[in-house]
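Residue-level structural notes
Here are the chains, one letter per residue:
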Amino acid sequence: MSILFVVAAFITVATSVATWMSLLGVVFASISSGIGEITFLSLTALFHKNTISTWSSGTGGAGVIGALSYAGLTGAGLSPRHTILAMLLVPALMAVSYYIILVHPNSIKSRKCQTEDQSPLLKQPTDITPDEDSCNDSEEVTGTTAATSYISRLSTRQRLMLILPLLKYMIPLFSVYVAEYYINQALFELIYFEDIWLTLAEQYRWYQVDYQLGVFISRSSVNLFHTKAIWVFPVMQVINAVFFSVEAYFLFVPSIWIVFAVIFFEGLMGGAAYVNAFFSISEDVRNHAKQIMILPFSYYED
């Protein structure tokens, strides 16, 4: 389904003859992204926690490659329409990676003691006991059995209540993305430099490439640097938003390279907030609840 919608998005935008068609293509792309996010993020609960870092790195890399490809191909003289049609290679690669390359979790260890209703959703420092270690020797079952069994016993109200422990991650991440979308969608087009080697349109495209490069680097860094002080990132992103707001109004920065540096830092903050939030959940939330508790975070994506 995700692949079909992304194909529809590319074709609709590339063949667009009216604004409504372009907007419809954006809707198709958003649906594809939403379905893909929910699917893959749910699957990360069934793999090693390092899957979070590789997933985040992959999404960051996709942003860089996508923005760089569009900026590079259009800069080389290819029309925007033909550039978008060339991107149809992407859904083909998506199909190959999911149906052929990806090793699906046919079986995992079932931890019986973690499928009991009485066990807390968030791990406590004293949770690791010899009894828990004995659960590692439990029989193997299908990859989704333990989580599905737990989730199926919950009422709608209980499922909604699962969100409450996640607010300490959701609120900072929400704040980061509000500031980020404000900068990228509302301010970038207002920040420009005349009489340089880049046209106004090219400046906007390379702003996006620069931002995605920062996101890619920070999303790939969680195995080297990890923090649970996620509140730092929205604070820094709001400061970035204030800087770009002032710059958009006064255009006081003397060089585009300074703007590139701040945009790169903005990308670092956004990517770091994303990957550290998910990584913290993978460590703090018990296995049987991860699949459903990670879903609210699928809405936070570039």
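Residues numbered from 1 in each chain as written. Predicted model: local features only at pLDDT ≥ 70, side-chain atom pairs only at ≥ 80, totals over all residues. Heavy atoms only, no water.

Regarding the overall build of the protein chain
Scanning the protein chain for helices and strands turns up 13 helices and two strands. Here the protein chain holds 302 residues, and 42% of them are scored as buried. Restricting to contacts in the protein chain with at least 6 residues of sequence separation, those with at least 24 account for 80%. Total accessible area computed for the protein chain in this model is approximately 15,900 Å², and 68% of it derives from carbon and sulfur atoms. (Helix = DSSP H or I, 4+ residues; strand = E, 2+ residues; numbered from the N terminus. Buried < 20%, exposed > 50% of the residue type's maximum accessible area, 1.4 Å probe, protein only. Contact = heavy atoms within 4.5 Å. Areas by Shrake-Rupley, 256 points an atom, 1.4 Å probe, with all protein chains shown as cover.)

Examining the side chain of S16
You can see S16 is positioned in the loop between helix 1 (2–14) and helix 2 (19–44). Among the polar contacts listed, one links the side chain of S16 to the side chain of S22, at a separation of 2.8 Å. Apart from the residues lying within four places of it in its own chain, the contact partners of S16 are M21, S22 and R81. (Polar contact = N/O pair within 3.5 Å; in protein donor to acceptor, adjacent residues only side chain to side chain.)

Overview of the nonpolar core
Counting residues in hydrophobic clusters, the biggest one holds 19 residues, and the most contacted among them are Y207, F244, V259 and I263. Taken together, the elements giving at least two residues each to this core come down to helix 9 (167–187), helix 10 (200–219), helix 11 (232–250) and helix 12 (256–284). Top element by residues in this core is helix 12. It accounts for five residues. In terms of nonpolar packing, the next biggest core, distinct from the first, is built from 17 residues, M170, L173, F233 and A277 among them. (Core = buried A, V, L, I, M, F, W, Y, C linked by side-chain atoms within 4.5 Å.)

Focus on the packing of aromatic side chains
What the rule picks out here adds up to eleven aromatic pairs. For the ring pair W197 and W257, a centre distance of 5.7 Å and an interplane angle of 25 degrees mean the geometry is stacked. Remark: W257 occurs in helix 12 and W197 occurs in the loop between helix 9 and helix 10; sequence separation between them is 60 residues. With respect to class, W197 is no different from W257; both count as exposed. For the ring pair Y249 and F250, a centre distance of 4.8 Å and an interplane angle of 80 degrees mean the geometry is edge-to-face. Taken together, the ring pairs connect F188, W197, Y207, F243, F244, F252, W257 and F260 into an aromatic cluster. Across from the ring centre of Y274, 3.7 Å away, lies the NZ or CZ of R219, which sits over that ring. (Phe/Tyr/Trp six-rings, centres within 6.5 Å; stacked < 30°, edge-to-face > 60°. Lys NZ or Arg CZ within 6 Å of the ring centre and 35° of its normal.)

Description of the packing of helix 1 against helix 5 (residues 89–101)
Contact geometry for helix 1 and helix 5: axes closest at 9 Å, N-to-C directions at 170 degrees. When the axis of helix 1 is compared with that of helix 5, the two are roughly antiparallel. Seen from helix 1, the contacting residues are S2, I3, V6, V7 and F10; seen from helix 5, they are V90, P91, M94, A95 and Y99. Among the residues forming the contact of helix 1 with helix 5, the class breakdown is nine nonpolar, one polar and no charged. (Axes fitted to C-alpha atoms, helices over the stretch in contact; angles between N-to-C directions. Parallel < 35°, antiparallel > 145°, perpendicular 65-115°, else oblique. Nonpolar A, V, L, I, M, F, W, Y, C, P; charged D, E, K, R; others polar.)

A word on unusual backbone geometry
Its identity as a non-glycine residue notwithstanding, D195 has a phi of 60 degrees, on the positive side. With respect to the element layout, D195 can be found in the loop between helix 9 and helix 10. Of note in the backbone geometry, L251 takes a positive phi value of approximately 50 degrees without being a glycine. Following the sequence through the fold, L251 ends up in the loop between helix 11 and helix 12.

Observations regarding helix 11
Between the first and last C-alpha of helix 11 there are 28 Å, a value that for 19 residues agrees with the 27 Å anticipated at 1.5 Å per step. Considered for burial, the residues of helix 11 that qualify are F233, P234, Q237, N240, A241, F244, E247 and A248. Within helix 11, the buried residues cover an arc of 140 degrees as seen down the axis, which keeps them to one side. Turned more than 90 degrees from where helix 11 packs its buried face, Y249 and F250 sit exposed. A positive phi of about 50 degrees marks L251, the residue just after helix 11. (Expected span 1.5 Å × (residues − 1). Arc of directions from axis to C-beta.)

Topic: helix 9
Two residues of an α-helix separated by three or four positions point the same way, owing to the 3.6 residues in each turn. Given a rise of 1.5 Å per residue, 21 residues ought to cover 30 Å, and the 29 Å separating the end C-alpha atoms of helix 9 matches this to within 8%. Along helix 9, the positions that sit buried rather than exposed are Y169, M170, P172, L173, V176, Y177, A179, E180, I183, N184 and L187.

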